[in-house]
Amino acid sequence: RTLIRGRLLTFHREPQGPDDHTAHAYEEDGAVLVENGVIAAAGPHTSLAAAAKDAHTVDHRPHLLMPGFVDAHAHFPQMQVIASFGTELLDWLNTYTFPEEMRFADPAHAARIAGAFLDEMVRHGTTTAAVYCTVHPQSVDAFFAEAERRKMCMIAGKVMMDRNAPRGLTDTAQQSYDDAKALIARWRGRGRLHYAITPRFAITSTPQQMEMAQALASEHPDLHVQTHLSENRAEIALAKELFPDCADYTAIYERYGLTGPKSLFGHCIHLSDREADALSDSGSVAVFCPTSNLFLGSGLFDYQRYRRRNKPLRIATATDIGGGTNYSMLRTMDEGYKVIALNGEKLNPLAAFWQITRGNAEALSLERIGTLEPGSDADLVVLDARATPAMRLRMERANTLAEELFVLQTLGDDRAVVETYVAGQPMKRGL
Ligand code: GUN
Ligand code: FE
């Protein structure tokens, strides 16, 4: 048993505005009692210490202690694509990303990058992610093996793509189905791993492959589906050309039964009202990837329009490594704040920290993370808002918890992450 002590912060629900202080709980001297990787209790240190006298204590005060961050969309094979210059989406895929992903036919390369990716997640305080592998089943085996070794809760799947990509990076409709079935059989129920049906996007799947994705989704209704939707104008035009019978891009995924409460749609920049209604009605999740959308010049996610409409969308936030440019969910929310600000709204820091913890966990339908409720998994992050000289100086003028969080979001990165616990184990210290 371990007692992890710190300034405890947790969210029960989305804060409704900057003055809503009822959505979170904060303990200046708090603690989390961990037993076998699971949270046994969380609350004021004095009451927990009395109940757990034999527990080994780690004192992180004066740092903040909260649930680990959740990244709702990332590509582990793209670590060596980040900072590729000068292209927008379709050229970026063809010029940099597809050639890079071909390297993952080699299991040794896949294992090396999978390990490096998970270490980088830990370094940045992220304990769970929804991850794209490549078309090669061995890339999924490598990723899940490394995640299992670290006891991390990860969602991942083999990318299905059978056209508009180089040979060596395509499967066939039947092969993609068979590979997914074998991977599901091998990995389902192991550790804290979740398989996601992962057709890359409509452009790289034939109608036959979309039918296979549909078959997988109907045979395994409990699995996540992840794909890309409405990221860039040229992509939207090509998707409509390839599926002329569908009225719009979203209708392609609807046609093949791929919308729903466990469906994660990356980007969703240029949705019509009809498409937004379709996502909302089906309970699908729109994944906001600000650093990627800015870097590739894809457009501005219309957070206000999607949230303030009378059928609001479920929203998650994500790095989209390697279209995205930073592993940190703090950097991600900093850029997200600016995108939202361009539309005239200011996302309050309590809402931002809800989003990257409990909010993203709910968007991914994961119950045991993003919370400090007893019985949940002890995935935690310890944050220091005075990690750098600039942050220290700024903190001299910060008086409230919300201001401290905003300093972390605006100036923070991996240097602000003092420790990351996965299932109760400190993981960052050893890296
Ligand atoms: N659309 C299809 N594949 C990708 C990808 O790898 N990254 C991004 N950002 N968009 C995509
Ligand atoms: Fe992506």
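All figures in this text were calculated on a predicted structure; none of them were measured in a lab.

Enquirer: Explain the overall build of the chain to me, please; I cannot follow it from the model alone.
Expert: Helix and strand counts for the chain come out as 15 helices and 16 strands. When the backbone C-alpha atoms are referred to their principal axes, the chain occupies close to 65 × 45 × 40 Å. By residue count, 55% of the 431 residues in the chain fall in the buried class.

Enquirer: It is not clear to me how helix H5 (residues 173–187) should be interpreted in this structure. Could you clarify?
Expert: At 3.6 residues per turn, the α-helix brings residues three or four places apart onto the same side. With 15 residues, H5 extends 21 Å from end C-alpha to end C-alpha; this agrees with the ideal 21 Å at 1.5 Å per step. Among all positions of H5, only Ala173, Ser176, Tyr177, Ala180 and Trp187 are buried. Seen end-on, H5 carries its buried residues on one side only, within an arc spanning 120°. More than 90 degrees from the buried face of H5, the exposed residues found are Gln174 and Ala185. Buried residues in H5 make contact with helix H4 (137–149), strand S8 (159–160), strand S9 (193–199) and helix H6 (207–219).

Enquirer: Would you take a moment to explain the site of ligand 1 for this structure?
Expert: If you check the shell around ligand 1, you find His75, Leu89, Leu93, Thr97, Arg200, Phe201, His228, Glu231, Ser292, Asp320 and Gly323 and nothing else. The greatest single-element share of the shell around ligand 1, amounting to three residues, is contributed by helix H2 (residues 89–102). Class assignment of the residues belonging to the shell around ligand 1 gives a composition of three nonpolar, five polar and three charged.

Enquirer: Looking at this model, I keep getting lost on the environment of leucine 264. Mind explaining?
Expert: For leucine 264, the location among the structural elements is in strand S11 (residues 263–267). Judged by local crowding, leucine 264 falls into the buried class, with 26 C-beta atoms found within 10 Å. A C-alpha to C-alpha distance of 31 Å links leucine 264 and glutamate 403, two positions 139 residues apart in sequence. What leucine 264 contacts, discounting residues up to four positions off in sequence, is Ala72, His73, Ala130, His224, Gln226, Val285, Val287 and Ala316.

Enquirer: What is the right way to read helix H12 (residues 329–342) from this model?
Expert: Between the first and last C-alpha of H12 there are 20 Å, a value that for 14 residues agrees with the 20 Å anticipated at 1.5 Å per step. Here H12 lies mainly inside the structure; ten of its 14 residues are buried. Buried within H12 we find Met329, Leu330, Arg331, Thr332, Met333, Asp334, Glu335, Gly336, Tyr337 and Ile340. Once H12 finishes, glycine 344 follows within two positions and takes phi at roughly 90°, a positive value.

Enquirer: When you look at the confidence of the model for the chain in this model, what are you seeing that I'm missing?
Expert: As a note on interpretation, predicted positions should not be read in detail where pLDDT is low. Predicted confidence across the chain gives a mean pLDDT of 97, with 100% of residues reaching 70 or more. Overall fold confidence for the complex sits at a pTM of 0.98, while the interface term, ipTM, reaches 0.99.

Enquirer: What is the right way to look at the environment of alanine 83 in this model?
Expert: Following the sequence through the fold, alanine 83 ends up in the loop between strand S5 (69–75) and H2. Sequence spacing of alanine 83 and leucine 393 is 310 residues, and the spatial spacing of their C-alpha atoms is 30 Å.

Enquirer: Any chance you could explain the environment of proline 290 here in plain terms?
Expert: Relative to the elements of secondary structure, proline 290 occurs in helix H10 (residues 290–295). Counting along the chain gives 44 residues from proline 290 to aspartate 334, while the straight-line C-alpha distance between them is 8.9 Å. Residues contacting proline 290, with those up to four places away along its chain left out, are Phe301, Thr332, Glu335, Gly336 and Val339.

Enquirer: In this structure, what is going on with the pairing of strand S4 (residues 56–67)? I would like to understand it.
Expert: As judged from the six bridges shared by strand S1 (residues 2–11) and S4, these two strands associate in the parallel manner. Looking at the pairing, leucine 3 lines up with threonine 57 of S4. The pairing of S4 with strand S14 (residues 380–383) spans four bridges and is antiparallel. Residue pairing for S14: leucine 64 is matched across the bridge by leucine 383.

Criteria and cut-off values
Residues numbered from 1 in each chain as written. Chains lettered and ligands numbered in written order. Predicted model: local features only at pLDDT ≥ 70, side-chain atom pairs only at ≥ 80, totals over all residues. Helix = DSSP H or I, 4+ residues; strand = E, 2+ residues; numbered from the N terminus. Buried ≥ 20, exposed ≤ 12 C-beta atoms within 10 Å, placed from the backbone. Expected span 1.5 Å × (residues − 1). Arc of directions from axis to C-beta. Contact = placed C-beta atoms within 7 Å. Near = placed C-beta within 6 Å. Nonpolar A, V, L, I, M, F, W, Y, C, P; charged D, E, K, R; others polar. pLDDT = per-residue confidence, 0-100. Pairing = 2+ DSSP bridges.

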